[in-house]
Each structure stands twice: as structure tokens, then as C-alpha cells.
Amino acid sequence: KDVTLNDATGVLKLGASTVSGNYVVTAVGDITTTGALALNGATNSITASGASNDVIISNAITRNSGAAGTLALSSKRDVTFATGGSIDGTLGAGKVDVTLTSDSDSASGGAISMASGTFIKSNGGNIVLSGGTGFAVSATDGVAGVTLNNANLTAGAGGITINGKGFAGTTNNIGVSIAGGSQV
């Protein structure tokens, strides 16, 4: 069955769930995973639509399907993979195209960051890390538009695109930072 959730009240916490159909979540506040999500539908998206809100992945998101699918995480500010956060599309035969979009409204900046031990595996699907302008744009001097810190992106036969742009300050304008043993 499909799951569609629109929350206009504030912060949304997504607990452990298994969904066989499409999964579409939109909220005006921050969206944080608090349990593992098994998203097996063809179209899956998590969107923080508030002007100063984030998507925070703190748990595993898996996909176990024989058919191809998509997973889009989008925020008007930051998309963050905290320790323990991951996307694993390798449990089934179908590939999954994964898109992370920060600063989706191109208004006030928003970065993408993946902490140590986090990963995205697309099973042959494309992986795209970008922003509303085509670039994830940091809103803070010295913080990269995209940061991978001991994180892994594995696309198999798919492509990997990482577009980042540093803060428009005077120093430390880093577009993409791949550090700490990260593998792409």
C-alpha cells in the first residue's frame, strides 16, 4: 500500500516502518528518522518544505524490490546523514536512483553532510548530491556545500554526481569535501 503524509504542524519523526507501495512524506518542520525504514515502492520521497528546516537520516533506509525505483530526500536547508544513517538499495534486484537535494528553494543555502560510517548503495542506480541551484550551497563560512567524512557512495553500474559550492564569504569556500577515508 502507498503511504502519503503531509504535516503542516512542525517537527516530524519517522519511526520504524515497512512500506510496500510508494512513500511520500512532506513536512514544514525538520524531518528525522528515529527507526529503520524499509521503502519498497517505486517512488519514495522525504521533503522538508519549511524555509529553515532539515532532513536528518539517523537510521537505515533499505529497499528490497525486484523493480527499479527512486528515493529523493529534499530540504530547503540541510540534508544530513548522522551516525547510523544509511541507504541500502542492494537487498533486492532492482536499482534505486537516489537524489539528495539541499537548499531546494535556492534561497538561503543548505549543505549535504554524511558522517563517519554512513553510506548510500544504489544497486546500479544513479546517486546525485546537489542543491536547488544545481549545487548544495553552504550557508556558513568554512563549511563545504557537500561533506563526506568517512562515508561511502556505491553506485555499481550507476553514476555518481556531487555538486557543491562553498559559502560566499571571504575564506574557506569549499564546494565538496571528501575526507577521512571516504569512498566514492
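See the structure above.
Keep in mind the model is a prediction, meaning the values are calculated, not measured. (Residues numbered from 1 in each chain as written. Predicted model: local features only at pLDDT ≥ 70, side-chain atom pairs only at ≥ 80, totals over all residues. Heavy atoms only, no water.)

A. Summary view of the packing of aromatic side chains. In total, this model carries zero aromatic pairs according to the counting rule given. Just above the ring of Phe119 sits the side chain of Lys121; from NZ or CZ to the centre is 4.8 Å. (Phe/Tyr/Trp six-rings, centres within 6.5 Å; stacked < 30°, edge-to-face > 60°. Lys NZ or Arg CZ within 6 Å of the ring centre and 35° of its normal.)

B. Here's a closer look at the sheet that holds strand E6 (residues 37–39). On the basis of which strands lie adjacent, the open sheet formed by six strands has the order E3-E6-E9-E12-E15-E19 and parallel pairing. Edge positions in the sheet fall to strand E3 (17–19) and strand E19 (152–154), since each has one partner strand and no second. Taken pair by pair, the neighbouring strands of this sheet meet at an average axis angle of 10 degrees, ignoring direction. (Pairing = 2+ DSSP bridges. Helix = DSSP H or I, 4+ residues; strand = E, 2+ residues; numbered from the N terminus. Axes fitted to C-alpha atoms, helices over the stretch in contact; angles between N-to-C directions.)

C. Spotlight on the sheet that holds strand E1 (residues 3–7). Taking strand neighbours across the sheet as the criterion, the seven strands line up as E1-E4-E7-E10-E13-E16-E20 in an open arrangement whose pairing is parallel. Of all strands in the sheet, those with a lone pairing partner are E1 and strand E20 (160–162), marking the two edges. Within the sheet, the average angular offset between the axes of one strand and its neighbour, ignoring direction, is 10 degrees. Across five bridges, the pairing between E1 and strand E4 (residues 23–27) is parallel. Residue pairing across strands places Asp7 opposite Ala27, the latter belonging to E4.

D. Broad picture of a nonpolar patch on the surface. A cluster of nonpolar residues, Val176, Ile178 and Val184, forms a patch on the protein surface that exposes about 240 Å² of accessible area. Its place among the elements puts Val176 in strand E22 (residues 176–179). (Patch = residues over 30% accessible without salt bridge, like charges linked within 9 Å, V, L, I, M, F, W, Y side chains within 5 Å. Areas by Shrake-Rupley, 256 points an atom, 1.4 Å probe, with all protein chains shown as cover. Salt bridge = Lys/Arg side-chain N within 4 Å of Asp/Glu carboxyl O.)

E. Fine view of the pattern of salt bridges. Across all of its chains, the model carries one salt bridge by this definition. Close ionic contact of Arg77 with Asp54 constitutes a salt bridge, the shortest N to O distance being 2.9 Å. Here Arg77, found in the loop between strand E10 (69–75) and strand E11 (79–81), pairs with Asp54, found in the loop between strand E7 (43–48) and strand E8 (55–57); they are 23 residues apart in sequence, far enough to count as distant. What makes Asp54 buried here is its relative accessible area of 10%. (Buried < 20%, exposed > 50% of the residue type's maximum accessible area, 1.4 Å probe, protein only.)

F. Quick look at the pairing of strand E18 (residues 146–149). Only one face of E18 is covered, namely the face carrying Val146 and Leu148; the face carrying Thr147 and Asn149 is uncovered. Bridge count between strand E14 (residues 112–114) and E18: three bridges; the pairing is parallel. What sits directly across from Ile112, in E18, is Val146.

G. Highlighting the environment of Gly29. Mapped onto the elements, Gly29 comes out in the loop between E4 and strand E5 (31–33). Discounting residues that sit within four places of it in the chain, Gly29 has contacts with Gly10, Val11, Ala48, Asn53 and Asp54. (Contact = heavy atoms within 4.5 Å.)

H. Structural detail: the environment of Ile160. Looking at where Ile160 falls in the secondary structure, it is placed in strand E20. Looking at Ile160, the relative accessible area reads 29%, which means it is partly exposed. Linking Ile160 and Ser122, residues 38 residues apart in sequence, is a C-alpha distance of 9.9 Å. In contact with Ile160, other than residues within four places in its own chain, are Ile127, Leu153, Ala155 and Val184.

I. Structural context of the nonpolar core. Of all hydrophobic cores here, the largest spans 34 residues; its most connected members are Ile46, Leu73, Phe81, Leu100, Ile120 and Leu129. Other than its neighbours up to four places away in sequence, Ile120 contacts Phe81, Ile87, Val98, Leu100, Met114, Ile127, Asn152, Leu153 and Thr154. (Core = buried A, V, L, I, M, F, W, Y, C linked by side-chain atoms within 4.5 Å.)

From the geometry alone we can't say anything about function, so treat these as descriptive.
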